[in-house]
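# Inside the fold
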Amino acid sequence: MTSGLEGVVAAETVLTHVDGSQGIWLLRGHGLGEVVARFGYEGAAALLLEGFAGDGLDRRRVRAALGAGRKAAFARLPRWLGTATGRPLSEGVAVALAALPGYADAWAIAGALAVGIAALLRVERGAAPVPPDPLLGTAADFLRMIEGASVGAARAAALDAYLTTVIDNGLAASTFAARVIASTRASLGASVIGAYAALTGPLHGGAPGPVLDMLDAIGTRDDIDAWLEHALRRGDRLMGFGHRVWKGRDPRADVLKAALHRLGPDAGRIGFAEEVERRALAALHRKKPDRPLETNVEFYTALLLDAVGLPRHAFTPVFALARSIGWLAHALEQQKTGRLIRPAAAYIGPQPQAA
Ligand code: ACO
């Protein structure tokens with residue numbers, strides 16, 4: 001047995017297939033490039049929820065369902081904000097999620113995250129929450145609700161590429177948490193609350209903010225090698241590198257890098273970041289020659305979310321917004337099995353003393 005359950009098959013799924021050693025990521029049989037370019041976030045959500053909450057729904061109808069979910073969530077916003085304001089954003093979102101079990105369905109839950117996170121960011125800036133425009137796609141409307149005005153198509157497209165790329169990724173720690181909770185027949189909202197809590201850790205979805213902190217701390221090209229060597233000697237983990245499943249190049253990192261390049265020649269300090277990436281990979285391969293450590297999705301997530309104008313403390317909540325659809329699809333799939341997840345532990349503690 002391994003303490004991290006690596007290689008253990010804990011569920012059957014029709015949702016995403018991830019083979020990290022071969023660089024394969026498939027959503028219901030569609031490759032990542034196709035899902036991002038052809039389906040977008042709403043199309044990917046339609047694929048994931050088909051057969052669970054989205055029977056017969058195409059991209060257009062899912063867009064309308066998510067828009068309606070945001071509209072319904074805005075009507076309940078005061079309750080959300082009442083519990084969440086005055087706390088750090090990530091914690092505020094966690095506290096406000098307690099309202100989710102009262103939300104009716106998957107669309108309302110995803111809508112609540114978009115509206116709630118945008119509203120908390122507005123309140124932080126001393127501005128009033130902006131009502132959603134249910135006719136817009138999630139990415140464009142989310143940025144609009146934060147900024148109070150429509151944003152350009154390029155930024156909305158970049159955020160859409162991000163939301164689509166991370167919408168699901170097999171049995172990630174947060175997704176497993178969602179499935180465990182769903183297996184107890186707790187509500188869908190309860191699954192999302194638990195999954196969010198699992199996501200916030202720096203070994204999972206808490207990594208992208210610290211990626212930018214690392215780039216800031218390195219500062220200039222001349223300091224890259226010395227900074228990396230010092231960090232590795234101290235035993236630090238370099239944020240944005242390594243993955244439990246992706247042992248070769250993570251294709252999601254390349255999709256986000258391409259989306260970032262489309263935003264402009266030096267969007268998100270991409271030139272500097274690419275240099276840090278190159279030298280970090282070299283340093284990791286020198287230090288751990290037997291470990292296949294590569295760039296993970298969080299490295300380019302950090303750069304892309306920064307380039308579309310989101311503050312770094314919003315990165316994990318925005319990841320949750322994207323992944324909420326994956327969590328919901330997995331929770332619904334788990335519910336269909338009707339079987340409680342309840343593994344066993346090997347007891348290695350003391351035995352009763354002989355009298
Ligand atoms: N920097 C330095 N060393 C690393 C890194 C890293 N980023 N990642 C792994 N290692 C080292 C570990 O210290 C460990 O060394 P040891 O064997 O001497 O103790 C060894 O490599 C473990 O390698 P793996 O078994 O391949 O890694 P594991 O599956 O346990 O961990 C994880 C994966 C948690 C993502 C790890 O690579 C890490 O901490 N990365 C940095 C944080 C990060 O970027 N998280 C986001 C992940 S992506 C996502 O969740 C969406």
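In this report, the structure presented in the accompanying data block is examined. (Residues numbered from 1 in each chain as written. Predicted model: local features only at pLDDT ≥ 70, side-chain atom pairs only at ≥ 80, totals over all residues. Heavy atoms only, no water.)

### Things to note about the layout of surface pockets
In this model, the second largest pocket occupies a volume close to 350 Å³. In terms of lining, the second largest pocket is formed by 20 residues, of which the most central are Ala156, Ala157, Ala158, Asp160 and Ala161. Looking at the lining of the second largest pocket, the elements that each hand over two or more residues are α1 (32-49), α2 (59-75), α6 (138-147), α7 (153-165) and α12 (251-263). Ranked by the residues each element gives to the lining of the second largest pocket, the list is headed by α7, at 6 residues. The residue inventory of the lining of the second largest pocket, partitioned by class, reads 13 nonpolar, 2 polar and 5 charged. (1 Å grid on protein atoms, 1.4 Å probe; cavity = no way out; pocket = protein on both sides within 12 Å on 5 of 7 lines; lining within 4 Å. Points joined across faces, edges and corners; volume = space filled by probe spheres on them. Helix = DSSP H or I, 4+ residues; strand = E, 2+ residues; numbered from the N terminus. Nonpolar A, V, L, I, M, F, W, Y, C, P; charged D, E, K, R; others polar.)

### What to know about the pattern of salt bridges
Two side chains carrying opposite charge are able to pair once their charged atoms lie near each other. In this structure the tally under the stated criterion is 21 salt bridges. Ionic pairing is found between Arg249 and Glu277, a salt bridge with its closest N-O pair at 3.0 Å. Residue Arg249 is found in the loop between α11 (224-233) and α12, and its partner Glu277 is found in helix α13 (residues 270-287); the two are separated by 28 residues along the sequence. The exposure class assigned to Glu277 is buried, which follows from its relative accessible area of 4%. Because the salt bridges share partners, they merge into one network encompassing Arg221, Asp225, Glu275, Arg278 and Arg279. (Salt bridge = Lys/Arg side-chain N within 4 Å of Asp/Glu carboxyl O. Buried < 20%, exposed > 50% of the residue type's maximum accessible area, 1.4 Å probe, protein only.)

### Remarks on the site of the ligand
Around the ligand lies a shell of 23 residues, among which Leu238, Arg244, Lys247, Lys288 and Arg291 are the nearest. At a separation of 2.6 Å, an oxygen atom of the ligand approaches a polar side-chain atom of Lys288. A distance of 2.7 Å is found between an oxygen atom of the ligand and a side-chain nitrogen or oxygen belonging to Arg291. Alone, the ligand offers 930 Å² of accessible surface; in the complex the protein occludes 81% of this. Tallied by class, the residues present in the shell around the ligand amount to 11 nonpolar, 5 polar and 7 charged. (Near = heavy atom within 4 Å. Polar contact = N/O pair within 3.5 Å; in protein donor to acceptor, adjacent residues only side chain to side chain. Areas by Shrake-Rupley, 256 points an atom, 1.4 Å probe, with all protein chains shown as cover.)

What is shown is where atoms sit, not what they do.
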